[in-house]
Amino acid sequence: MTGGMAPLLGPALGLSAILFSLGVAGVLLRRNAIVLFVCIELMLNAVNLTFVALAQLHGASGQVMVFFVMTVAAAEAAVGLAIILAIFRHKQSVDLQNINLLRG
Amino acid sequence: MIASQWVWLAVALPLAGFLVNGALALRRAPAKLAVSIVGPGVLLGAFAVSLGVFLGLLGQPPHEPHIVPLWPWMPAGALEVDLAFQVDQLSAVMLLMVTGVGSLIHLFSVGYMKEDPGYARYFAYLNLFVVCMLVLVLGSNFPVLFIGWEGVGLCSYLLIGFWFTDKANADAGLKAFIMNRIGDFGVLVAMVFLWRELGTLDFVQIAGRAPEMLEPGGTVVTLITLLIFLGCTGKSAQIPLYTWLPDAMAGPTPVSALIHAATMVTAGVYLVVRTNVLFAMAPLSSAVVAGIGAVTALFAATIALRQYDIKKVLAYSTVSQLGYMFLAVGSAAFAGGIFHLVTHAFFKALLFLGAGSVIHAMHHAYHATHSHQDAQDMRNMGGLRQHMPVTFWLMSIATLAIAGIPPLSGFFSKDEILASAFARGAEMPVFYLYYAFGVVAVLLTAFYMARLITMTFLGENRTGAEESRHLHEAPWIMTGPLLVLGVLSLIGGAINLPTFAGGHHALEERLEPVTAPGAAFARVELPHGATELLLVGGAILIGVVGLVLGYRATLARRIPTASEAPEDTGLARVLNRKYYVDEIYDAAIVRPLVWLSRVVLWKGVDQGVVDGAAVNGTAKLSRGLGWLGSRLQTGQVGVYVVLFLVGALWILRAVTR
Amino acid sequence: MTEAVFYVFAACTVVTASMCILSRSAMSAVLWLTATMLSLAAIYVLLGAEFVAAIQVLVYAGAVMVLFLFVVMLLNLGHATSDMRGPAAVATTIVIAGLLAIQLFALWRYSPDRLAAEVAQAPQLSDPATLFAAGQIAREEAVARGVVGAVAAPLFQVYLVPFEITSILLLAAIVGAVVLAKRRI
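Residues numbered from 1 in each chain as written. Chains lettered and ligands numbered in written order. Predicted model: local features only at pLDDT ≥ 70, side-chain atom pairs only at ≥ 80, totals over all residues.

> Which residues make up the overall build of chain C, and what values do they have?
Helix and strand counts for chain C stand at eight helices and zero strands. The C-alpha radius of gyration of chain C comes to 21 Å, more than 25% above the 16 Å expected for a compact globule of 185 residues. Referenced to the eigenvectors of the C-alpha coordinate spread, the extents of chain C come out at roughly 60 × 40 × 30 Å. Scored against the burial criterion, the 185 residues of chain C give a buried share of 29%. Across chain C, the fraction of contacts at a sequence separation of at least 24, relative to all contacts at a separation of at least 6, is 38%. (Helix = DSSP H or I, 4+ residues; strand = E, 2+ residues; numbered from the N terminus. Rg over C-alpha atoms; globule rule 2.2 N^0.38 Å. Buried ≥ 20, exposed ≤ 12 C-beta atoms within 10 Å, placed from the backbone. Contact = placed C-beta atoms within 7 Å.)

> So what's going on with the overall build of chain B? Which residues, and what values?
A tally of helices and strands in chain B yields 27 helices and two strands. Projecting the C-alpha coordinates of chain B onto the three principal axes gives extents of approximately 110 × 65 × 55 Å. Classification of the 657 residues of chain B by burial places 53% in the buried group. Restricting the contact set of chain B to residue pairs at least 6 apart, pairs at least 24 apart contribute 80%.

> Tell me what's going on with the interface of chain A and chain B, and back it up with residues and numbers.
Residue-level contacts link 11 residues of chain A with 10 residues of chain B. When grouped by side-chain class, the residues that make up the side of chain A that touches chain B number seven nonpolar, three polar and one charged. (Nonpolar A, V, L, I, M, F, W, Y, C, P; charged D, E, K, R; others polar.)

> Just give me the short version of the packing of helix α17 (residues 389-403) of chain B against helix α19 (residues 430-457) of chain B, but keep the residues and values in it.
Helices that pack against each other are described as a pair by the angle of their axes relative to one another and the distance between those axes. Residues and elements named next belong to chain B. Running from N to C, α17 and α19 cross one another at 170 degrees; their axes reach a closest spacing of 9 Å. In terms of orientation, α17 lies roughly antiparallel with respect to α19. Contact with α17, carried on its side by F392, M395, S396, T399, I402 and A403, involves T445, A446, M449, A450, I453 and F457 of α19 and no other residues of that element. Partitioned by chemical class, the residues of the contact of α17 with α19 number nine nonpolar, three polar and no charged. (Axes fitted to C-alpha atoms, helices over the stretch in contact; angles between N-to-C directions. Parallel < 35°, antiparallel > 145°, perpendicular 65-115°, else oblique.)

> Provide a residue-level description of the nonpolar core, including the pertinent values.
Residue and element names in this part refer to chain B. Residues F129, L134, V329 and A349 are the most contacted members of the largest nonpolar core, which totals 219 residues. At 20 residues, helix α16 (residues 334-368) tops the list of elements feeding residues into this core. Not counting residues within four places of it along the chain, the set of residues in contact with V329 comprises V269, V272, V273, F279, V289, F334 and G337. (Core = buried A, V, L, I, M, F, W, Y, C linked by C-beta atoms within 7 Å.)

> So what's going on with the interface of chain C and chain A? Residues and values would help.
Listed by partner, the interface residues are 78 residues for chain C and 66 residues for chain A. Breaking the side of chain C that touches chain A down by element, the ones donating at least two residues are α1 (2-22), α2 (26-46), α3 (50-75), α4 (87-105), α5 (112-120), α6 (128-131), α7 (133-157) and α8 (160-181) of chain C. The dominant element in the side of chain C that touches chain A, judged by the number of residues it contributes, is α3 of chain C, at 12 residues. Here the residues of the side of chain C that touches chain A are counted per class, giving 61 nonpolar, 11 polar and six charged.

> Can you tell me about unusual backbone geometry, naming the residues and giving the values?
Residues and elements named next belong to chain B. The amide bond that connects I239 to the next residue, P240, takes the cis arrangement and shows omega of 5 degrees. Relative to the helices and strands, P240 is located in the loop between α9 (219-235) and α10 (244-247). Residue P407 is reached from P406 by a cis peptide bond, and omega for that bond is -5 degrees. Tracing the chain through its elements places P407 in the loop between α17 and α18 (409-424). A positive phi angle, close to 55 degrees, is found at A237, a residue other than glycine. Of note, A237 is situated in the loop between α9 and α10. Unlike most non-glycine residues, K578 shows phi in positive territory, near 50 degrees.

> Describe the pairing of strand β1 (residues 66-76) of chain B, and please don't skip the residues or the numbers.
Regular strands have side chains that alternate between both faces of the sheet. The pairing of β1 of chain B with strand β2 (residues 79-87) of chain B spans nine bridges and is classified as antiparallel. In the strand pairing of β2 of chain B, V68 of chain B is matched with F85 of chain B. (Pairing = 2+ DSSP bridges.)

> For the environment of I477 of chain B, give the residues involved together with the corresponding values.
All names here are of chain B. Take I477: it is sitting in helix α21 (residues 476-491). In this structure, the C-alpha to C-alpha distance between I477 and G537, residues 60 residues apart in sequence, is 39 Å. Beyond its immediate stretch of four places on either side in the chain, I477 contacts L107, V110 and G111.

> Tell me what's going on with helix α7 (residues 167-198) of chain B, and back it up with residues and numbers.
Helix length check: α7 of chain B (32 residues) gives 46 Å between terminal C-alpha atoms against 46 Å at 1.5 Å per residue, within 8%. G199 of chain B sits one or two positions beyond α7 of chain B and adopts a positive phi of about 75 degrees. (Expected span 1.5 Å × (residues − 1).)

> Describe the packing of helix α12 (residues 267-274) of chain B against helix α15 (residues 310-330) of chain B, with residues and values.
Residue and element names in this part refer to chain B. Here α12 crosses α15 at 5 degrees, and the two axes come no closer than 10 Å. With respect to each other, α12 and α15 are oriented roughly parallel. Contacts between α12 and α15 involve V269, V272 and V273 from the first element and M325, F326 and V329 from the second. Partitioning the contact of α12 with α15 into residue classes produces six nonpolar, no polar and no charged.

> Summarise the environment of K182 of chain C; cite the residues concerned and give the values.
By the element assignment, K182 of chain C lies in the segment after α8. For the pair K182 of chain C and E50 of chain C, spaced 132 residues apart in sequence, the C-alpha to C-alpha distance is 39 Å.

And the structure:
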């Protein structure tokens, strides 16, 4: 029975889509830099869910991928938050509206 | 044939003269003596070379013209144009005439321009002119001829505006140049057509290929010949491009004699004779040529009747006589046209130089009494016979010649033209009308020339008692050339005497190899016997009548001096104002053109479209686009993220389609 | 049964994620995200990736989120004021996120059969058991070597080089974070 192989494939992928879209919405909606990062983490989690869902069919490679994603997410979060700290020290604010030094 | 090899020397000598005189002109104190030797000297040398070439040709009359190539100029694929000179009977005759009359005028100028500060510059320009004219008559193909054609136009401009500090003189020079250029456009387009149709611009090859490759009487050959004739109307001052010639009298009188009587203005006639095969193949164009010639002859003669400036009378006379030459070549009498060209050079140069002597004397007289009267106005002259007898007699000879009184040269040449026109009438009746115009013009010519002589030399002196003491004959350097020209005017007819006078049309026979291609299509059969004698007798009678009438009419009333003369009224005024042609041209052509240039082309196109829309517009567009692009660079992450996501969505859609 | 549990946790995830993006302050956003991650960990278990679930709780929710919390508290942003963008941004968000959701939602319909058919590009349905043999092998491995071993084997054999490179990546991240966040270099 093929359904037994990966019974929750469809719904899991659907959930991942929803989470990704929510993450995109959050990135577009929020002005706070930290909350922006949080929404990005949400997107990364959605992708992790996709990998795990498909790992049922494609083997352990999917789960190994999740490892790497998590590692990179951690590294990125560290560096990104450090940048936000540095900006906060200058501008006393993390409101993205005010950070427009690259304006051309 | 060996002599022909040296023909380039005839061009090189005046060129060297130009360079030497030009260099001398740049010095602060021009060396008058050196210029006086170099200027006429190179011309005499060129004349000697021309004589040698002519005599060399006499020895063995070849039927093939002798081409002297100097330099391969434009070897461009199928177009092979060499800088080459063509020595044949026609160019030899023209060579002799140009260098001969040119030498005499150079000698005359030594006396005439003696006190002018621009002495060296004058001779430099005059020498350059001779170079260009020789290149014109010696050219073996159209481009070389065209170099000379343009060159004489340039020198004409330089010499007409010789005293350029007076704006009127500079304007006259400009007018001459511009009107010439209008005509030159015709020659250029004709060259292009010839190249396209015949594949060659060489005269000998044109004469060979045209009968085979062009349809006689067809549109192509008619178009080509009409375009060539447009150039001739410009260069030889025919209707409609003649108005520059009377204005050109602003230049020194020897210049008028050389350029606007003997040489440059005859270039148009020369060109028609050179391309006689084309004109003979297009009877419509020949009729147009003859028609314009006849009408111009009559028209200009009427204007000359009421001109008071001695040079203007002679200028209109030149226009009229050129009309005769075109009447001749339009009637397929190419040799007749050249005959009149040569005799006209003699007596017209004589008339101009004589007028120059008179003006020279009048200038001296007025200068001595510090008077500001016009030295060229005939109403200020009169009775100069006592003061300048040699000039008087010589100018009278020229007057008899131009009126066509036998046995002077003018009689034979003019007679041949009228006879040719009459003969052509048998094929095309419109030529009878041209003949009639020509006859009336004979009457008018005789009249105004007699008027000129009477007003200037006869009657009582109107210059003023004080001034008349300073009137004197010109120095021998000026009267010498006059004498030579007088002799030539007397006996010049001998080169082409007709049969009834015991001759055998020597010039026509000489030129037969040159005119043969055209004669294959259109021959002129001169009338013989009773018709001939009738025509000749009639012409002589009319000429005599004209002279007598002119003399009597001028002496009938007392002539007031120029300053106290009343304004002309009625017909006389119209004639004096030259039928207001200049004013008509100005209003109809010049002003609209200037308006077009200024308003449409300058303000509209150049400033508006090119500057405004194209140049500035492009810049504005770039700035606008740049501004638009800069609006994307807000520096705000939110905007960037939106753009990023839009792009990602697009790619996603494209990939999953 | 599994499906019901899945849907419960799925609803949990969606709710917490929505609360996350709509929360007023940064602190609550971080905390809601932590809740989302925990729900996801449960779903991972249901999907047969127990080890990943454990790591998710330990590393992601336990370390990364704690880092976020530290930074939030370090910044000391004060009272929670809303930092949502204006109505224009909301409209744009709805449009873009909506389009994205619609585009991605097609994934709901995927079943192994359909995936197999698409992968094999055959008009009729292929047997996913033969096409996706790797999944079955992985399951046997998991039974044989334990859950951890099933993941560790490819990690240290096939993906050894990326694994080592990741360590360098982490080193770079550490150095970068330290340098950027220092008061005085």
